[in-house]
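Summary of the model geometry
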Amino acid sequence: MGYLEEMLVRNGVIYRNSNGESSYIEGSLVSNSLVVRDSNGWVTHRIERASNGVDLVVRNLSTGLVETRVRI
């Protein structure tokens, strides 16, 4: 997960604060996708396969909009 995590940090989806708060990637059994959780454990984003079947998209759960696309 190194490349994916690094890209999400650069795009501001995953954050690391000096006070110890951070968000992280976790697998989701319910939706068969990856999710991003904040420091409180709330799911903020879902990482899923794009419609072309190759790329990944990062969808914000509060707005439902795709925030970024990861080219694989």
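Read on for a plain summary of the structure. (Residues numbered from 1 in each chain as written. Predicted model: local features only at pLDDT ≥ 70, side-chain atom pairs only at ≥ 80, totals over all residues. Heavy atoms only, no water.)

1. Focus: the overall build of the protein chain
In terms of helices and strands, the protein chain carries one helix and five strands. Moving toward the C terminus, one meets the helices and strands of the protein chain in the order α-β-β-β-β-β. Over its C-alpha trace the protein chain gives a radius of gyration of 12 Å, about what one expects of a compact globule, namely 11 Å for 72 residues. Taking the principal axes of the C-alpha coordinates as reference, the protein chain spans close to 40 × 25 × 20 Å. Contacts in the protein chain between residues at least 24 apart in sequence constitute 15% of all its contacts with a sequence separation of at least 6. (Helix = DSSP H or I, 4+ residues; strand = E, 2+ residues; numbered from the N terminus. Rg over C-alpha atoms; globule rule 2.2 N^0.38 Å. Contact = heavy atoms within 4.5 Å.)

2. Side note on the pattern of salt bridges
Across all of its chains, the model carries six salt bridges by this definition. Among the salt bridges present, the one from Glu-48 reaches Arg-46, with a minimum N-O distance of 2.7 Å. Using a relative accessible area of 25% as the deciding quantity, one classes Arg-46 as partly exposed. Residue Asp-55 pairs with Arg-71 through a salt bridge whose shortest N-O separation is 2.9 Å. Highlighted residues: Asp-55 in the loop between β3 (43-49) and β4 (56-60) and Arg-71 in the segment after β5 (66-70), separated in sequence by 16 residues. Taking the relative accessible area as the measure of exposure, Arg-71 reaches 58% and is therefore exposed. (Salt bridge = Lys/Arg side-chain N within 4 Å of Asp/Glu carboxyl O. Buried < 20%, exposed > 50% of the residue type's maximum accessible area, 1.4 Å probe, protein only.)

3. Observations concerning the environment of Asn-11
Mapped onto the secondary structure, Asn-11 falls in the loop between α1 (2-10) and β1 (24-28). Here the alpha-carbon distance between Asn-11 and Arg-71, two residues 60 residues apart in the chain, equals 14 Å.

4. A word on the nonpolar core
Ranked by size, the top nonpolar core spans eleven residues in total: Leu-4, Met-7, Leu-8, Val-13, Ile-14, Ile-25, Val-36, Ile-47, Leu-56, Val-58 and Val-70. Mapped onto this core, the elements with two or more residues apiece are α1 and β4. Of all the elements, α1 adds the most residues to this core, at three residues. The residues contacting Ile-14, other than those within four sequence positions of it, are Glu-5, Leu-8, Val-9, Ser-23, Ile-25 and Val-36. (Core = buried A, V, L, I, M, F, W, Y, C linked by side-chain atoms within 4.5 Å.)

Just distances and angles here, no functional claims.
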